[in-house]
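The primary structure of each chain is shown beneath.
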Amino acid sequence: MPNAPDAVRRVGNRAVVAGTGMHGVGTAALTPSADAATLDGNGALSPDGRAVALQTPQAAMSIILIADDHPLFREAMRSAVARVLPDATVREADSAAALYAAVEAEPDADLLLLDLEMPGAQGFGVLAHLRATHPQLPVVIVSGHEEPVVMRRALEHGAMGYIPKSVDATSLGEAIAQVLDGERWAPALAFSAPPPDAEEQDIARRLRELTPQQMRVLQMMSTGLLNKQIAWELDVTEATVKAHVTAILRKLGANNRTQAVLVAGKLAVDPGSVWLPPDEAG
């Protein structure tokens, strides 16, 4: 099995790199002059390089949410969770819509393992929105993307950790256990990339202002659905959808649906790949 990538975590008042090699887990202390930054208690990066104690979530974890559209990988994550928490209740979602339903059905969930790309997901938009609507829920991104810039963006948008899908089953379980213990886990390479620019951070802030239903409407707009189709999917009137669209445009500072999708698309993993839907009056 491949070795796990080096990862940053907190031990006492230090940030350390943890990596799994042939002889097990080793650690190496990071100083402010090292290639990785320390983390502050809110999950952001400490700009002065000083270590700050992390806020530890409750010790007893019992409800774990897994959101991934690949059944085989959901099974792998479920098995990893079972090794760490044999008695945990695991809820699964294969789309953004199913994820929102699961989060609402389990308001006291203790951890969310979230893939960045699945039906209805808008890259980091789902992460940013969930951090606003459910700030008590720790979110760990589990993704096939291993580019440092993608990992850094996830952490800056509020993820408690970032686990590449290339890690072996043992390392996946260790990473989950570390996050459940209140520490953050991410490959050290994540901190070699710069943080998101001011524009992306501002868009994330605006997305956090959307209500859950407005976020659903925006994501359906991004897939090309028209107001009438969205109304049918959500079982509401078309007038209600038009009201949501108006609120979305105002909050995102957009003049029409296409602009709104472009703005939200800045939080896609690859903003250049955002598909533009047909515009519609109202």
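Reference entry: report on the structure contained in this document.

What counts and how
- Residues numbered from 1 in each chain as written.
- Predicted model: local features only at pLDDT ≥ 70, side-chain atom pairs only at ≥ 80, totals over all residues.
- Heavy atoms only, no water.
- Core = buried A, V, L, I, M, F, W, Y, C linked by side-chain atoms within 4.5 Å.
- Buried < 20%, exposed > 50% of the residue type's maximum accessible area, 1.4 Å probe, protein only.
- Contact = heavy atoms within 4.5 Å.
- Helix = DSSP H or I, 4+ residues; strand = E, 2+ residues; numbered from the N terminus.
- Pairing = 2+ DSSP bridges.
- Right-handed = clockwise from strand over helix to strand, strands pointing away.
- Phe/Tyr/Trp six-rings, centres within 6.5 Å; stacked < 30°, edge-to-face > 60°.
- Lys NZ or Arg CZ within 6 Å of the ring centre and 35° of its normal.
- Expected span 1.5 Å × (residues − 1).
- Arc of directions from axis to C-beta.
- Salt bridge = Lys/Arg side-chain N within 4 Å of Asp/Glu carboxyl O.

Moving on, we get to the nonpolar core. Judged by nonpolar contacts, the single largest core of 55 residues is most densely connected at Leu99, Leu112, Leu114, Ile141, Leu207, Leu218 and Met221. Contact partners of Leu218, with chain neighbours within four places excluded, come to Leu207, Leu210, Ile248, Leu252, Ala260 and Ala264.

What follows is about the pairing of strand β8 (residues 161-164). Burial along β8 is two-sided: Gly161 and Ile163 facing one way and Tyr162 and Pro164 facing the other are all buried. Across 4 bridges, the pairing between strand β7 (residues 139-143) and β8 is parallel. Counted as the bridge partner of Ile141 is Tyr162 from β8. Regarding topology, helix α4 (residues 148-156) serves as the crossover connection from β7 to the parallel β8, and that connection is right-handed.

Another aspect to go through is the environment of Ile230. Of note, Ile230 is situated in helix α8 (residues 227-234). Sequence-distant contacts of Ile230, defined by excluding residues within four places in its chain, comprise Val217, Met220, Met221, Leu225, Val241 and Arg257.

So, on to the packing of aromatic side chains. Evaluation of the coordinates by the stated rule reveals 0 aromatic pairs. Lying over the aromatic face of Phe73, Lys165 brings its terminal NZ or CZ to 4.7 Å of the ring centre.

Looking now at helix α1 (residues 71-84). For an α-helix the count is 3.6 residues per turn, leaving residues at separations of three or four pointing the same way. With 14 residues, α1 should reach 20 Å at 1.5 Å per residue; the first-to-last C-alpha distance of 20 Å fits that figure. If you check which residues of α1 are buried, you get Phe73, Arg74, Met77, Ala80 and Val81. The buried residues of α1 occupy an angular sector of 125° when projected down its axis, which confines them to one face. In α1, the exposed residues that point more than 90 degrees away from the buried face are Pro71 and Leu72.

A word on the pattern of salt bridges. Counted according to the given criterion, the structure contains 12 salt bridges. Where Asp68 meets Lys165, a salt bridge forms, and the shortest distance between an N and an O atom there is 2.8 Å. Taken as a pair, Asp68 in the loop between β4 (63-67) and α1 and Lys165 in the loop between β8 and α5 (169-180) lie far apart in primary sequence, 97 residues in all. Among the residues examined, Asp68 registers a relative accessible area of 0% and is labelled buried. For Asp202, the salt bridge identified is with Arg205, shortest N-O distance 2.7 Å. Taken as a pair, Asp202 and Arg205 lie in helix α6 (residues 198-208) at a separation of 3 residues, close to a single helical turn. Residue class for Asp202 comes out partly exposed when judged on its relative accessible area of 27%. Here Arg205 falls in the partly exposed class, since its relative accessible area comes to 37%. Each of Arg74, Glu75, Arg78 and Glu92 takes part in salt bridges that share partners, so that together they form one network.

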